Amino acid sequence: MQLKLIYFDMPFWRAEIARLCLFISDIEFEDFRITSEDNSYLKENGMLSDGTLIPFRQLPVLVIEGESIAQTGAISRICGKIAGMYPTDIIEAGKVDQVIDTVTDINVLINPSMRESDPELKKRMRDDLSSDALPKYFGYLERILEENDSGWFVGDEMTVADIAVWSLLGWIAQGVLDGIPHDLSKPFERLTSLYNAMGRMPKVQEWKRLTYAYDQSSTGEYNYHVPDSI
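Counting 51 residues, the largest nonpolar core has Phe 138, Phe 153, Ile 163, Val 165, Leu 191 and Met 198 as its most contacted members. Among the secondary structure elements, those contributing two or more residues to this core are α1 (13-24), α4 (90-115), α5 (119-148), α6 (160-173), α7 (189-199) and α8 (202-211). Counting residues per element, this core draws most heavily on α6, which supplies 11 residues. Counting 10 residues, the second-largest nonpolar core is a separate cluster that includes Leu 3, Ala 18, Ile 75 and Cys 79.

For any pair of aromatic rings, geometry is given as the distance between the ring centres together with the angle between the planes. Summed over all chains, the structure comprises four aromatic pairs. Consider the rings of Phe 23 and Trp 207, whose centres lie 5.4 Å apart with planes at 55 degrees: the pair is tilted. Of this pair, Phe 23 sits in helix α1 while Trp 207 sits in helix α8, placing them 184 residues apart in sequence. You can call Phe 23 buried: its relative accessible area is 16%. In this structure Trp 207 comes out as buried when scored by relative accessible area, which is 3%.

A contiguous patch of negative charge on the surface is contributed by Asp 89, Glu 92, Asp 156 and Glu 157. For Asp 89, the location among the structural elements is in the loop between α3 (72-82) and α4.

Our next topic: the environment of Tyr 195. Here Tyr 195 shows up in helix α7. For Tyr 195, a relative accessible area of 0% translates into the label buried. Sequence separation between Tyr 195 and Asp 162 is 33 residues; the distance between their C-alpha atoms is 8.5 Å. For Tyr 195, the contacting residues outside a window of four places in its chain are Trp 166, Leu 169, Gly 170, Val 226, Pro 227, Asp 228, Ser 229 and Ile 230.

This part is about α4. The periodicity of an α-helix, 3.6 residues per turn, causes residues three or four positions apart to be oriented the same way. Under the 1.5 Å per step criterion, the end-to-end length of α4 is 37 Å for 26 residues, consistent within 8% with the ideal 38 Å. Near the N-terminus of α4, the side chain that reaches the backbone nitrogen of Ile 91, with its oxygen 3.0 Å away, is that of Asp 89.

Right, let's get into the state of the cysteines. Taken as a whole and judged by the stated rule, the model has zero disulfides. No disulfide involves Cys 21; its sulfur sits 6.1 Å from that of Cys 79, the nearest cysteine. Relative accessible area serves as the criterion here: at 0%, Cys 21 is assigned to the buried category.

Let us now look at the pairing of strand β4 (residues 67-70). Because side chains alternate across β4, one face comprises the buried residues Ser 68 and Ala 70, and the other comprises Glu 67 and Ile 69, none of which is buried. In terms of strand pairing, strand β3 (residues 61-64) meets β4 through four bridges, oriented antiparallel. Each bridged residue has a counterpart across the sheet, and for Val 63 the counterpart in β4 is Ser 68. Joining the antiparallel neighbours β3 and β4 is a turn of two residues, in which Glu 65 adopts a positive phi near 50 degrees.

The strand order β2-β1-β3-β4 describes an open sheet built from four strands, whose pairing is mixed. The open sheet terminates on both sides in strands that have one partner only, identified here as β2 (30-33) and β4. On average, each strand axis in the sheet is inclined to that of its neighbour by 20 degrees, with strand direction left out of account.

Another aspect to go through is the side chain of Lys 208. Along the chain, Lys 208 falls in helix α8. Classification of Lys 208 as buried rests on a relative accessible area of 9%. Polar side-chain contacts of Lys 208 include one of 2.8 Å to the backbone oxygen of Val 226.

Once that is clear, we can look at the packing of α3 against α4. Pairs of packed helices are described in terms of their axes, by the angle between the two and the distance that separates them. Between α3 and α4, the least distance of the axes is 10 Å, while the angle of their chain directions is 140 degrees. Taken as axis vectors, α3 and α4 run oblique relative to one another. In this structure, α3 meets α4 at a crossing whose hand is right-handed. Counting all contacts with α3, which are made through Gly 73, Ser 76 and Arg 77, the residues of α4 involved are Asp 97, Ile 100 and Asp 101.

Definitions and limits used
Residues numbered from 1 in each chain as written. Predicted model: local features only at pLDDT ≥ 70, side-chain atom pairs only at ≥ 80, totals over all residues. Heavy atoms only, no water. Core = buried A, V, L, I, M, F, W, Y, C linked by side-chain atoms within 4.5 Å. Buried < 20%, exposed > 50% of the residue type's maximum accessible area, 1.4 Å probe, protein only. Helix = DSSP H or I, 4+ residues; strand = E, 2+ residues; numbered from the N terminus. Phe/Tyr/Trp six-rings, centres within 6.5 Å; stacked < 30°, edge-to-face > 60°. Patch = residues over 30% accessible without salt bridge, like charges linked within 9 Å, V, L, I, M, F, W, Y side chains within 5 Å. Areas by Shrake-Rupley, 256 points an atom, 1.4 Å probe, with all protein chains shown as cover. Salt bridge = Lys/Arg side-chain N within 4 Å of Asp/Glu carboxyl O. Lys, Arg positive; Asp, Glu negative; His and termini not counted. Charge placed at Lys NZ, Arg CZ, Asp CG, Glu CD. Contact = heavy atoms within 4.5 Å. Expected span 1.5 Å × (residues − 1). Polar contact = N/O pair within 3.5 Å; in protein donor to acceptor, adjacent residues only side chain to side chain. Disulfide = S-S within 2.5 Å. Pairing = 2+ DSSP bridges. Axes fitted to C-alpha atoms, helices over the stretch in contact; angles between N-to-C directions. Parallel < 35°, antiparallel > 145°, perpendicular 65-115°, else oblique. Left-handed = near helix turned anticlockwise from the far one by under 90°.

Set out below in structure tokens:
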């Protein structure tokens, strides 16, 4: 199976879920980060210069057997299926989906503050996120972990849902989001345990060595030095 994951600079998390899922499972794929020139071309033409279709003129895009698939959630689910990290049972699959989509919701909540140029307004937005929305969502995720009681979000093994949450928590734990405490998730014991368990995995440690030490961010809020534990 030919897999090519296309993405552009940051926000890195949009491609990271799929990339790490494939890497952990030793699934070969072409890891393709486009240039600024490539990005300008696709914005104008809806494709790369080699003819690769970019359906919504945004990245990431997964090219599988020559077919282009867009949207973070769809790509994550496909890669989860390929890697054996996505359930075949429809109820368990739905439980994985709800976690992936919740991670997307949390990122959508954070994004407006990242685009805000007024420092005072940005601070107020971040204060509101830290005191209300983020702890609320962390509480929802904590409850799911408590109900499953295996250390993972769904079933007894790691799924792509766990990778999605690990990626989110690692981003926050770096402390690069001004006004959002790096230890915001610390009171949530099960979330913390899941993050730390994944951080101890040899394949995750290898991934970090190969990836984060070399990726340079476009803004100070996407520096990738993900901590081993929180």
